[in-house]
Amino acid sequence: MLVVVLSLGAVVSAQDDPIEISIAGATGNSYAWLSEFVAPAFEDYMAEQGRDVTVNVIETSATAEDLRQQYVLDLGVGAGADLMAFDGFWLPEFVEGDLVQPLVDIVGPEVLEWEGWEQIPEGLQAILGYQGEVYGIAAGTDARAIWYRTDIFEAAGLPADWQPTSWEELLDAARALKEYDPEIWPLQLNAGLSMGEATTMQGYLMALLGAGHHIYDFEEEKWIVRSQAILDTLELYNTIYLEEELGNARFQLAQNGRDLSFEAFSDGEVAMLVEGDYFWRAVINPGADFGLDNRNEIVSFALMPAMEPGAGFNGQDFVTVSGGTGYIINPNTENPDVAWELLSYMFSLEALAELQEIEPRIRARQDAPVTGDDVMSAIASDVLPYTTVRPPLAAYNRVSAEAQLMTERVVSGEMTPLEAMNAYAEAVTDIVGEDSVMELPFEE
């Protein structure tokens, strides 16, 4: 057994009573890392300090939305695991609901002495931060791109090193793929309520940013509810799913639609899919549920282009958006000192090196480089410079749900793009108030 000797953030005194520490929300690669490396190594380390500690890693198959709801229920009644895998964009809502607390309030000022903070830039500390307080440690960040099947592209006469520079070039590739094989769905751009935040992050925002602005104006501190960019985004959905049937509308409306799109890509029935780098490192990773043993030979990525060169958010030619996840400490834990020992241990350089062997990705610690995966290294160097983040506001979740509904109304044919935008504007205004929304010019 490999035991990592660390200088941890807190030194606890020896105690005779055994302690159980639980970690909730583990999935896939993170579960393997936590259960096979972190738990036994941490237990051995604590035994050397005279502590009888058992780490219970709780695996979950729940969707992100279901996990979030479970946390709301658990924390609301003073229950839940000691550590929780946590998505940064949930934080404002949980803080406003008085469900979570800053690390300093749970553990004490000793958390500020952890050596890892010097290796995590403030921007990445903020993934699990809100209003100047830090609530957990971020595992890393990500970026979004167009993942495509090079084998299908080449069979259709398209280049394997394809890179569109506009929406029209993206659509032209989709049209060529459809002409090559009408049985293939050329393009998957997430839409609808069933996919939850995956619709907003991988679908709506990736298009909206390319059309010229964000969901929120950070300078005016207002939500943009009507604009030409919103209309152009909805027209893109309309083109893909209704007018030209370049994408499968059923995937956007089915409860398991995201998994259906993953399966279809893996089976060669979807040629292009807009997703985060999670798709590469977890979904189609060899050995995963939708894994491809020859992934590295038949899958590549392209940057998401703006509607036209220079027309994207901040005048960019290409766009992406980043999120981030990590772990927080449950304020209801009975053992805050040991919970912090475990959390800081998980994000030591030595422990992260083990995780990078299992799942190379962009880590929050700058001294934990992406190694052994050229694609993930390229995401870090070529895609991440174009990124932005979601507004860290408590209202975001509700606004995001309205964006998801807006895309669903278009993809299902329930409303025209203009009707859907107007309904979105009314709903968001009701959520945040008239003083917190704005409109930009558009053509009806």
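Rules and cut-offs
Residues numbered from 1 in each chain as written. Predicted model: local features only at pLDDT ≥ 70, side-chain atom pairs only at ≥ 80, totals over all residues. Heavy atoms only, no water. Helix = DSSP H or I, 4+ residues; strand = E, 2+ residues; numbered from the N terminus. Buried < 20%, exposed > 50% of the residue type's maximum accessible area, 1.4 Å probe, protein only. Contact = heavy atoms within 4.5 Å. Areas by Shrake-Rupley, 256 points an atom, 1.4 Å probe, with all protein chains shown as cover. Salt bridge = Lys/Arg side-chain N within 4 Å of Asp/Glu carboxyl O. Expected span 1.5 Å × (residues − 1). Arc of directions from axis to C-beta. Pairing = 2+ DSSP bridges. Axes fitted to C-alpha atoms, helices over the stretch in contact; angles between N-to-C directions. 1 Å grid on protein atoms, 1.4 Å probe; cavity = no way out; pocket = protein on both sides within 12 Å on 5 of 7 lines; lining within 4 Å. Points joined across faces, edges and corners; volume = space filled by probe spheres on them. Nonpolar A, V, L, I, M, F, W, Y, C, P; charged D, E, K, R; others polar. Domains from an automatic or database assignment. Right-handed = clockwise from strand over helix to strand, strands pointing away. Parallel < 35°, antiparallel > 145°, perpendicular 65-115°, else oblique. Left-handed = near helix turned anticlockwise from the far one by under 90°. Phe/Tyr/Trp six-rings, centres within 6.5 Å; stacked < 30°, edge-to-face > 60°.

Asks: Tell me what's going on with the overall build of the protein, and back it up with residues and numbers.
Replies: Secondary structure summary: the protein contains 18 helices and 16 strands in total. When the 444 residues of the protein are sorted by exposure, 58% land in the buried category. Considering only intrachain contacts with a sequence separation of at least 6, the fraction spanning at least 24 residues in the protein is 75%. Here the protein has roughly 18100 Å² of accessible surface; of this, 45% comes from carbon and sulfur atoms.

Asks: Hey, could you go over the pattern of salt bridges for me, with residue numbers and the actual values?
Replies: For the structure on display, the rule yields 15 salt bridges. Its salt-bridge partner being Arg 144, residue Asp 142 comes within 3.0 Å of it at the nearest N-O pair. Here Arg 144 falls in the buried class, since its relative accessible area comes to 7%. Taking the shortest distance from any N to any O, the salt bridge between Glu 275 and Arg 258 comes out at 2.9 Å. In this pair, Glu 275 is assigned in strand E11 (residues 270–276) and Arg 258 in helix H11 (residues 257–266), connecting sequence segments 17 residues apart. On the basis of relative accessible area, Glu 275 is assigned to the buried category, the value being 1%. Through salt bridges with shared partners, a single ionic network connects Glu 168, Asp 172, Arg 175 and Glu 244.

Asks: Explain helix H17 (residues 396–411) to me, using residue names and the numbers behind them.
Replies: The periodicity of an α-helix, 3.6 residues per turn, causes residues three or four positions apart to be oriented the same way. Taking 1.5 Å per residue, 16 residues should reach 22 Å; H17 reaches 23 Å between its end C-alpha atoms and fits that length. Looking at the residues trailing H17, positive phi occurs at Gly 413, about 85°.

Asks: How would you explain helix H2 (residues 64–76) if you had to name every residue and give the values?
Replies: With 13 residues, H2 should reach 18 Å at 1.5 Å per residue; the first-to-last C-alpha distance of 18 Å fits that figure. Turning to H2, its buried residues are Leu 67, Arg 68, Tyr 71 and Leu 75. Along the long axis of H2, the arc covered by the buried residues comes to 100°, so they all point the same way. Along its buried surface, H2 packs onto strand E1 (19–26), strand E3 (83–87), helix H3 (91–96) and H17. At the exit of H2 stands Gly 78, carrying a positive phi of roughly 75°.

Asks: Please set out the sheet that holds E11 residue by residue, giving values where relevant.
Replies: The four strands lie next to each other as E8-E11-E7-E12, forming an open sheet whose pairing is mixed. The sheet is open, and its two borders are formed by strand E8 (185–188) and strand E12 (299–302), each paired with just one other strand. Each strand axis lies, on average, 25° off the axis of its neighbour in the sheet, ignoring direction.

Asks: Which residues make up the layout of surface pockets, and what values do they have?
Replies: Size it by volume and the second largest pocket reaches roughly 460 Å³. Lining the second largest pocket are 22 residues, with Ala 126, Ile 127, Val 389, Arg 390 and Pro 392 positioned closest to its centre. Broken down by secondary-structure element, the contributors of at least two residues to the lining of the second largest pocket are helix H5 (122–125) and strand E4 (129–130). Classifying every residue of the lining of the second largest pocket by side-chain character gives 11 nonpolar, nine polar and two charged. Counting the residues that make up the lining of the second largest pocket, at least three belong to each of domain 1 (18–134 + 323–381) and domain 2 (144–321 + 391–439).

Asks: Go over the sheet that holds E3, please, and point to the residues and values.
Replies: Pairing is mixed across the open sheet formed by five strands, whose spatial order is E2-E1-E3-E15-E6. The open sheet has two free edges, formed respectively by strand E2 (53–59) and strand E6 (136–141), since each of these has just one partner strand. Between one strand and the next, the sheet's axes are offset by a mean angle of 20°, whatever the strand orientation. H2 rests against E1 and E3 of the sheet, and its axis sits at about 135° to E3. Strand contacts of helix H14 (residues 336–346): E1, E2, E3, E6 and strand E15 (324–329), with the helix running at about 50° to E1, the strand carrying the most contacts.

Asks: Describe the pairing of E1, listing the residues and the values that go with them.
Replies: Where burial is concerned, most of E1 is hidden: seven out of the eight residues are buried. Sheet analysis places E1 next to E2, joined by six bridges and oriented parallel. When the sheet's bridge partners are listed, Ile 23 is paired in E2 with Val 57. The parallel pair E1 and E2 is bridged by helix H1 (residues 28–48), and the resulting crossover is right-handed. Where E1 and E3 come together, two bridges link them in parallel fashion. Counted as the bridge partner of Ala 24 is Met 84 from E3.

Asks: How would you sum up the packing of H1 against helix H15 (residues 349–358)? Please name residues and give values.
Replies: Following both chains from N to C, one finds H1 and H15 inclined at 135°, their axes separated by 10 Å at the closest point. One finds that H1 runs oblique with respect to H15. Along this stretch, H1 crosses H15, giving a crossing that reads as right-handed. Within the contact between the two elements, H1 uses Asn 29, Trp 33 and Phe 37 and H15 uses Ala 351, Glu 354, Leu 355 and Ile 358. Grouping the amino acids of the contact of H1 with H15 by side-chain chemistry returns five nonpolar, one polar and one charged.

Asks: Could you give me a rundown of the packing of aromatic side chains, with the residues and numbers involved?
Replies: Counted by the stated rule, this structure contains 26 aromatic pairs. Taken together, a centroid distance of 4.7 Å and an interplanar angle of 45° make the contact between Tyr 148 and Phe 153 tilted. The class of Tyr 148 is buried, set by a relative accessible area of 1%. Under the relative-accessibility criterion, Phe 153 is labelled buried at 0%. Aromatic side chains Tyr 237 and Tyr 241 sit 6.4 Å apart centroid to centroid with 20° between the ring planes, which places their arrangement in the stacked category.

Asks: Lay out the environment of Val 399 in plain terms, naming residues and giving numbers.
Replies: Mapped onto the secondary structure, Val 399 falls in helix H17. It is 9.9 Å that separates the C-alpha atoms of Val 399 and Ala 425, two residues lying 26 residues apart in sequence. Setting aside residues no more than four positions away along its own chain, Val 399 makes contact with Ile 215, Trp 223, Tyr 424, Val 428, Ile 431 and Val 432.

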